[in-house]
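Chains, contacts and geometry: an overview
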Amino acid sequence: MNTVFYTTIGYILLAPFVGGLLMGLDRIVTARMQSRVGPPVLQPFYDVFKLFGKDKLTVNQFHNYYLVCFFIFILVSGSMFFAGNDLLMVIFAFIVADVLLILAAYSTNSPYSSIGAERELLQMLSAEPMILLSAVGLYMVTGSFKVSAIVSCEKPLIVYLPGVFLGLTYVLTIKLRKSPFDLSTSHHAHQELVKGITTEFAGPALAVIEIVHWYETILLLGMIYLFFAFNPVLGVVVVVFVYFLEVLVDNTNARIKWELMLKSAWMVTIIVGGGNLFVLYYVLRL
Amino acid sequence: MSFIKKSPWMFHYDGSSCNGCDIEVLACLMPMYDIERFGVINTGNPKHSDILLITGSINRQNEDVVKTLYGQMGNPKVVIAIGTCAASGGIFAECYNILGGVNTTIPVDLYVPGCAARPEAIIDGVIQALDILEEKQKQRKKGKVTK
Ligand code: SF4
């Protein structure tokens, strides 16, 4: 009970620091890739503190309510993950959080945020099957959906689940909303949708979304780590490498249409992820 | 120290500019000048922005647009008029549809002169606007209403 309590508190307090620093490094690496100097590494924190000091511009009464629920569900999802709870619960709480953000964006009635919300739904539709499949894959190898059991499993999971890992890395780009899958909103200055799903959030509300993004990133990278949990050092190295790859892909690809995103993501899910499970089930007979 | 000085997000609106000043504003974001060094992001969204950069003069058609954009920005905010056109109407001042500089429509905090304004001058303007932003933030905290 006590360890659960401490990991939960640890996640809630530490994840924003690590996540924010990661975003700062992300921005510097991005700038260097574009042969710019880039902002200071603490820039994401400055941004968030500034946003808290700005006017609250709420569009309607539900807007903030949804946003607070969104924040709570991400916290619940992340804390359950780091406390070693059921992976399926984590994934579904994550989905609920995302849906709450979409509802918040829809409730504003603004055309930009409505289109952004629709695109966010499409992003979820593309990414979630693969994420669920990873949970199934991890279960097949370790015999448990519990994150604590998966982490303490002696087997090198990546050897059993290379396809699932690749598929999860592919949809990670969708979940992090990085190019070429930054359809619903983006940190970069593509402006055809203004800011998509976040258009109508201003000041403190935007700060909350930014902080949630840090929590989200840490949670998703935690899922990547699971595949290498047998060797913590290797796990951290791989997580850093995967994030670097995300930044590289982000900077070398243009945004694509949603049809291609959906098709390619499902193709990857079925061929690489499904293929991997097929081999596990019929060839290795796990 | 106020964080608003460290993270001024900007937003660029093109009035009836000849595009000369616009190109120079965009040049500030390019690797050569890289205004993101100061934490400036070009958001393209008035609700997310602290600084409104206007190039070109105000005409009868965009007058309401500029007012709306200004109204949508959360306090504290500053307006920078870039170029001669935004200051006074410039070479378009005599045209039948031109009302004049930006100050005919919304309050302007800072003028960056030039035709076209140089990127160095624009960056200098943005940096000077930070002090104004901070001052406005302080006034706001004291409960004084600022425009
Ligand atoms: S000031 Fe000169 S360069 Fe700038 S918009 Fe006016 S005419 Fe064009």
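Here, the structure is the one placed above.
Scope of this entry: the structure provided in the associated data block. (Residues numbered from 1 in each chain as written. Chains lettered and ligands numbered in written order. Predicted model: local features only at pLDDT ≥ 70, side-chain atom pairs only at ≥ 80, totals over all residues. Heavy atoms only, no water.)

1. Description of the interface of chain B and chain A
Listed by partner, the interface residues are 28 residues for chain B and 29 residues for chain A. Carbon and sulfur atoms make up 51% of the area that chain B and chain A hide from each other, which totals about 2400 Å². Run the count over chain B and chain A and you get 7 salt bridges. One salt bridge in this structure joins E36 of chain B and R36 of chain A, with 2.6 Å as the shortest N-O distance. The tally of links from chain B across to chain A stands at 21 residue pairs in polar contact (both at pLDDT 80 or more). Of all elements in the fold, only β2 (41-42) and α4 (119-141) of chain B reach the threshold of two or more residues within the side of chain B that touches chain A. Within the side of chain B that touches chain A, the residues separate by chemical class into 9 nonpolar, 12 polar and 7 charged. (Contact = heavy atoms within 4.5 Å. Buried area = accessible area lost by both parts, 1.4 Å probe. Salt bridge = Lys/Arg side-chain N within 4 Å of Asp/Glu carboxyl O. Polar contact = N/O pair within 3.5 Å; in protein donor to acceptor, adjacent residues only side chain to side chain. Helix = DSSP H or I, 4+ residues; strand = E, 2+ residues; numbered from the N terminus. Nonpolar A, V, L, I, M, F, W, Y, C, P; charged D, E, K, R; others polar.)

2. Focus: the packing of helix α2 (residues 43-52) of chain A against helix α9 (residues 204-226) of chain A
Residue and element names in this part refer to chain A. Closest axis-to-axis distance for the α2/α9 pair is 7 Å, and the angle between their directions is 150°. Here α2 is positioned roughly antiparallel relative to α9, judged by the angle of their axes. At the point where α2 passes α9, the crossing takes the left-handed sense. Contacts between α2 and α9 involve P44, F45, V48, L51 and F52 from the former and P204, L206, A207, E210, I211 and W214 from the latter. Its residues assigned to classes, the contact of α2 with α9 comprises 10 nonpolar, no polar and 1 charged. (Axes fitted to C-alpha atoms, helices over the stretch in contact; angles between N-to-C directions. Parallel < 35°, antiparallel > 145°, perpendicular 65-115°, else oblique. Left-handed = near helix turned anticlockwise from the far one by under 90°.)

3. Observations regarding the side chain of T269 of chain A
In this fold, T269 of chain A is placed in helix α11 (residues 258-283). Residues contacting T269 of chain A, with those up to four places away along its chain left out, are P129, M130, L133 and G274 of chain A.

4. Looking at the sheet that holds strand β7 (residues 110-112) of chain B
All names here are of chain B. Spatially, β2-β1-β3-β5-β7 is the arrangement adopted by the 5 strands of the open sheet, whose pairing is parallel. The outermost strands of the open sheet, each flanked by one partner alone, are β2 and β7. Here helix α1 (residues 20-29) sits on the sheet and contacts β1 (9-14), β2, β3 (51-55) and β5 (78-82); the angle it forms with β1, its principal contact strand, is near 160°. (Pairing = 2+ DSSP bridges.)

5. As for the pairing of β1 of chain B
All names here are of chain B. In this sheet, β2 lies alongside β1 in parallel orientation, the contact comprising 2 bridges. Considered in β2, the bridge of M10 is made with N42. Chirality of the crossover, the property in question, places the unit of β1, α1 and β2 among those that are right-handed. Sheet analysis places β1 next to β3, joined by 5 bridges and oriented parallel. Paired with D14 across the strands is T55, a residue of β3. (Right-handed = clockwise from strand over helix to strand, strands pointing away.)

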